[in-house]
Amino acid sequence: MSLNGLRAALAEDKSYSRLKAHAARPPAKRSQDLEIGAPQGMRAALLAEMVDGLAEAHDGGAGTGNDGAPPVVLAVTATGREAEDLAAALRSYLPLAGIEEFPSWETLPHERLSPRSDTVGRRLSVLRRLAHPENDPVQIVVAPVRAVVQPLVKGLGDLQPVSLAVGDERPFDAVVKALADAAYARVDMVSHRGEFAVRGGILDVFPPTDDHPIRIDFFGDEVDSLRWFAVADQRT
């Protein structure tokens, strides 16, 4: 549900409207230390004003970075739950495609446990969108402070995803190798995210960021069909 009508009403307040005007200035004319005090319920609306102001500056040529990329707002929260709630609230003010959540690991550095595959996939997806804004620009990234302070390996945003479409011609063995190189686990039957299985010319894949696995039928080296299937009975 859109709440942009509420933003229009709030814009009549001079203090509120001043935030967007400040964000629309060229970087050299913006304050390096701007403190804003507001109730928690105002966070999403204020961030939306900031995003729109930066977008206006970019469209006018005033807010473009050295690489020409559009500006991105980083909203840091205390916990992962707060990040989820803030991202949900932002969807009432901004386009869904421009909002991303950057989750933190569920594990600590000293623990002998691997983070969940869907968390890994979501983080890589955000990093790739940030590294290649020309394809799918991000307006705002919401992240808990734990995700922000965790070290990142350089170049993660440049990793090439395994992408297939009906009619594509790709060597079957090359696709299997690409999935293995992308850290997918090869199993006899797919049941969890981050797994894939090979049965003749059929390739079952469970992407980390999807709700259901995908069955890919090959006819030689051509992708013949792509279908969702259920983990419980393995039927499409």
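Asks: Sorry, what's going on with the overall build of the chain here?
Replies: The number of helices and strands found in the chain is 7 helices and 8 strands. Principal-axis analysis of the C-alpha atoms gives the chain an extent of 65 × 40 × 35 Å. Here the analysis covers contacts within the chain between residues at least 6 apart in sequence; of these, 56% occur between residues at least 24 apart. Summing over all exposed atoms, the chain offers an accessible surface of approximately 14,300 Å²; the carbon and sulfur share of this is 53%. When the 26 positive and 34 negative side-chain charges of the chain are each reduced to one mean point, those points stand 5 Å apart.

Asks: Sorry, what's going on with unusual backbone geometry here?
Replies: The general pattern is negative phi for most residues beyond glycine and trans for most peptide bonds. If you check the backbone angles, alanine 183 has positive phi at about 75° while not being a glycine. Relative to the assigned elements, alanine 183 resides in the loop between α7 (172-181) and β4 (185-186). One non-glycine residue, glutamine 234, adopts positive backbone phi at about 65°. Relative to the helices and strands, glutamine 234 is located in the segment after β8 (222-228).

Asks: Quick question: what am I supposed to make of a negative patch on the surface here?
Replies: There is a patch of like negative charges on the surface, built from Glu169, Asp173, Asp221, Glu222 and Asp224. A residue is classified by how much of its surface remains accessible, and aspartate 221, at 41% relative accessible area, is partly exposed.

Asks: It is not clear to me how the sheet that holds strand β6 (residues 202-206) should be interpreted in this structure. Could you clarify?
Replies: By definition, the strands of a sheet pair up through backbone hydrogen bonds, in either a parallel or an antiparallel sense. What the 5 strands build is an open sheet, ordered β4-β5-β6-β7-β8; its pairing is mixed. Two strands bound the open sheet, and with one partner strand each, they are β4 and β8. Direction of pairing for β6 relative to strand β7 (residues 214-219): antiparallel, over a ladder of 4 bridges. In the sheet register, aspartate 204 faces β7, and the bridge partner there is arginine 215. Along the sheet face, α7 touches β4, β5 (195-199), β6 and β7 and points at about 20° away from the line of β6.

Asks: Just to check I follow, could you spell out the sheet that holds strand β1 (residues 73-77) for this structure?
Replies: Spatial strand order, β1-β3-β2: 3 strands in an open sheet with parallel pairing. Two strands in the sheet have a free side with no partner beyond their single neighbour: β1 and β2 (99-101). Each strand axis lies, on average, 20° off the axis of its neighbour in the sheet, ignoring direction. As paired strands, β2 and strand β3 (residues 140-144) are joined by 3 bridges and run parallel to one another. Counted as the bridge partner of isoleucine 99 is isoleucine 140 from β3. Running at roughly 160° to β1, helix α3 (residues 43-59) makes contact with β1 and β3 of the sheet. Contacts from helix α5 (residues 117-131) reach β2 and β3 within the one sheet, and its direction differs from that of β2 by about 140°.

What counts, and at which threshold
- Residues numbered from 1 in each chain as written.
- Predicted model: local features only at pLDDT ≥ 70, side-chain atom pairs only at ≥ 80, totals over all residues.
- Heavy atoms only, no water.
- Helix = DSSP H or I, 4+ residues; strand = E, 2+ residues; numbered from the N terminus.
- Contact = heavy atoms within 4.5 Å.
- Areas by Shrake-Rupley, 256 points an atom, 1.4 Å probe, with all protein chains shown as cover.
- Lys, Arg positive; Asp, Glu negative; His and termini not counted.
- Charge placed at Lys NZ, Arg CZ, Asp CG, Glu CD.
- Patch = residues over 30% accessible without salt bridge, like charges linked within 9 Å, V, L, I, M, F, W, Y side chains within 5 Å.
- Salt bridge = Lys/Arg side-chain N within 4 Å of Asp/Glu carboxyl O.
- Buried < 20%, exposed > 50% of the residue type's maximum accessible area, 1.4 Å probe, protein only.
- Pairing = 2+ DSSP bridges.
- Axes fitted to C-alpha atoms, helices over the stretch in contact; angles between N-to-C directions.

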